[in-house]
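Structural characterization, general
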Amino acid sequence: MHARLAGKRETTVSAPEGRAALADRYPRIIKPHDPSAVPANMPDYAAARRTFSWEGARGLLDGLPGGRGLNIAHEAVDRHVPGPRADRDAIRWLGRSGERRAFTYRDLKAATNRFANALSGLGVQAGDSVFVLSGRIPELIIALLGALKAKCVVSPLFSAFGPEPLATRLTIGEGRVLVTTASLYRRKIAPLRGSLPKLEHVIVVPEAGEAPAAGTLDWRRLVDGQSPDFTIPPTDPEDRALLHFTSGTTGRPKGAIHVHEAVVTHTVTGRCALDLHDADVFWCTADPGWVTGTSYGIIAPLTNGVTSVVAEAEFDAATWYGILQNERVSVWYTAPTAIRMMMKLGAEAVRGYDLSALRFMASVGEPLNPEAVVWGQQAFGRPFHDNWWQTETGGIMIANFASMDVKPGSMGKPLPGIEAAIVQRDPGGSFMIVDDPMVEGELALKAGWPSMMRGYLHEEERYRKCFAGPWYLTGDLAMRDSEGYYWFVGRADDVIKTSGHLIGPFEVESALLEHSAVAEAGVIGKPDPMAGEIVKAFVALKPGFAPSEALRRDLLGHARKRLGAVVAPKEIDFAATLPRTRSGKIMRRLLKARELGLPEGDLSTLESDLR
Ligand code: AMP
């Protein structure tokens, strides 16, 4: 059965390619009933769907004292301080070289107040944008929450970005303040400073061996002497709080605007989808430069009052197992690329660790292979619970919940309060809801949950195009089975997911085009067993340049320098010319089909001489 929706948007609905069979290939994981186990926060999914309301969920939060509104930082920190959680560790930071720093909720309240006072002292106003650029260090968390207290709009930047992605985002977001570290400032920001006239204040966290840089403010001098008291001004739940950049197929990165009310989703999903309980020690491995690292690395664990482990080091299996053991982590939220790297080392590598505290494991950000779910069961005695969401949705939307059977390979079922659907375009260009099971289409969500983005900054038209009537179109292709579980199929557009990072091909192509030898560039995601996809570029050279190994290396180096290693292509192929549509757009779809040896599909929009 189909129901018609309003609006229209370009998507390509491809053949299911045996995906339907996936649903039966791996047996579902039925969790044994264990009366001694911690009961799930949401014991009965069907009942929760019937009774859930967002107004009710709001009751999980306090609101600012005196009915002065809703502020994320108050919910995450201050409200716990008069109560029994005040002296509980809010953040347990584990430094790269073995250092440890713990902040109780009381400490975090004082530290974030100091930062809010420091911003006020600089004349920073409500609504001003504060960017944060650092690895996983406590100052980043303090700055983010302190800026939210001062009602600034916070925008996290990924510390592995090169100068171009940083400059683009700081410019679009009109960053007035930037918090960063001494080495990141020297390497990445100082060379850009002259091109960022709106950037007034750069607050630098000092590092050993780094001299203070001219034109920056030293964190310690600016923040440490501030008063530990601060009163959060009245905050409307619709006031802007976070600006998260994401990528599309074309054009500049998009700044998804989120408001303070998003904290309702963060809190509810922390309880339902991550099953956070009061005494939990939670570890989210995501980088704060991306939305998971903010929503679940900072906000959700704190609003739920648990202890959150923040580990600075990059992935290393032995280090990670050591953290799970030594910190007695009970809830672990990680990502498929890391899980695949652990799988490669085998379940044996896990055996020597005491992981008896570990109760719930979840994964997000890219497709989680069913084998990885099953491997979790073998290695850790429990499956990874895949869940799905994206920058625009602000919080988890679809999940394998603790009380549900896990279907390996499926993203799970929609959160109570979220209505999801699979939609297709009919020949007239309208969208239709597909009710039949295991039919591929675009995943759509009925708008209206608290953490839904409120817009793309300065990009009204791009935002409008995300909707068909009341339905938000996610840009992902998926299927729903007869029991209501959703199965990820792929992206409807050309964006690339590499090691969990969303990369816009346009940004990569633009950087390549800046090289004097490049006439045309087309960028695709090439499937990779470990990273999910890697960034691959095809370039056509200008007259006078000939393909060579030396030029390929030069182009790879050029892209890495401009974009950073995560965004830059890992592979570059030369081509005499690149296929374009009649309107002049590079046909990445065709480049990809050729790369993978797949049928080239409908080429009717290709220029005839290039077919
Ligand atoms: P981002 O906005 O960077 O968080 O990326 C969101 C995109 O990541 C989604 O639109 C999906 O394409 C992908 N994604 C996130 N979670 C999953 C998942 N569990 N399975 C498959 N893809 C996912």
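Let me begin by describing the structure that accompanies this report. (Residues numbered from 1 in each chain as written. Predicted model: local features only at pLDDT ≥ 70, side-chain atom pairs only at ≥ 80, totals over all residues. Heavy atoms only, no water.)

**Quick notes on the sheet that holds strand β29 (residues 571-574)**
In spatial order, the strands read β27-β28-β29; together these three strands make up an open sheet with mixed pairing. Edge positions in the open sheet fall to β27 (518-528) and β29, since each of these has one partner strand only. The mean angle between the axes of side-by-side strands here comes to 25°, regardless of whether they run parallel or antiparallel. Pairing of strand β28 (residues 532-541) with β29, which is carried by four bridges, proceeds in the parallel orientation. Looking across to β29, one finds that Ala537 is bridged to Ile572. Across the sheet, helix α19 (residues 588-596) touches β27, β28 and β29, and the angle it forms with β27 is around 55°. (Pairing = 2+ DSSP bridges. Helix = DSSP H or I, 4+ residues; strand = E, 2+ residues; numbered from the N terminus. Axes fitted to C-alpha atoms, helices over the stretch in contact; angles between N-to-C directions. Contact = heavy atoms within 4.5 Å.)

**Quick notes on the site of the ligand**
Near the ligand there are 17 residues, and of these Asp386, Asn387, Gln390, Thr391 and Arg491 occur at the shortest range. A distance of 3.4 Å separates a nitrogen atom of the ligand from a polar atom in the backbone of Glu366. At 2.9 Å from an oxygen atom of the ligand is found a side-chain nitrogen or oxygen belonging to Lys497. Contact with the protein chains hides 96% of the accessible area of the ligand, taken as 500 Å² for the molecule alone. When contributions to the shell around the ligand are tallied by element, the ones reaching two or more residues are β15 (384-388) and β24 (486-491). With three residues, the top contributor of residues to the shell around the ligand is β15. (Near = heavy atom within 4 Å. Polar contact = N/O pair within 3.5 Å; in protein donor to acceptor, adjacent residues only side chain to side chain. Areas by Shrake-Rupley, 256 points an atom, 1.4 Å probe, with all protein chains shown as cover.)

**What to know about the packing of helix α5 (residues 105-121) against helix α6 (residues 138-149)**
With their axes 8 Å apart at the nearest point, α5 and α6 run at an angle of 65° to one another. Between α5 and α6 the crossing geometry is right-handed. From α5, Leu108, Lys109, Ala111, Thr112, Asn113, Phe115, Ala116 and Leu119 reach across to α6, where they touch Ile142, Ala143, Leu145, Gly146, Ala147 and Lys149. Of the residues that constitute the contact of α5 with α6, the class distribution is nine nonpolar, three polar and two charged. (Left-handed = near helix turned anticlockwise from the far one by under 90°. Nonpolar A, V, L, I, M, F, W, Y, C, P; charged D, E, K, R; others polar.)

**As for the packing of aromatic side chains**
Scanning the model with the defined rule gives 22 aromatic pairs in all. Taken together, a centroid distance of 6.1 Å and an interplanar angle of 65° make the contact between Tyr321 and Phe380 edge-to-face. Of this pair, Tyr321 sits in helix α12 (residues 317-326) while Phe380 sits in helix α15 (residues 370-380), placing them 59 residues apart in sequence. Exposure class is identical for Tyr321 and Phe380. Each is buried. Put simply, the rings of Trp283, Phe315, Trp320, Tyr321, Trp332, Tyr353, Trp375, Phe380 and Phe384 pair up and form one aromatic cluster. (Phe/Tyr/Trp six-rings, centres within 6.5 Å; stacked < 30°, edge-to-face > 60°. Buried < 20%, exposed > 50% of the residue type's maximum accessible area, 1.4 Å probe, protein only.)

**Overview of the pairing of strand β12 (residues 307-311)**
Of all five residues that make up β12, five are buried, and the element is covered over most of its length. The alternating pattern of β12 places Thr307, Val309 and Ala311 and Ser308 and Val310 on opposite faces, both of which are buried. In terms of strand pairing, strand β2 (residues 89-94) meets β12 through four bridges, oriented parallel. Among the inter-strand pairings, Ile91 is bridged to a residue of β12, identified as Ser308. One ladder, built from three bridges, connects strand β11 (residues 281-284) with β12; its direction is parallel. Counterpart to Trp283 in the pairing with β12 is Val309. The handedness of the β11 to β12 crossover, carried by helix α11 (residues 291-303), is right-handed. (Right-handed = clockwise from strand over helix to strand, strands pointing away.)

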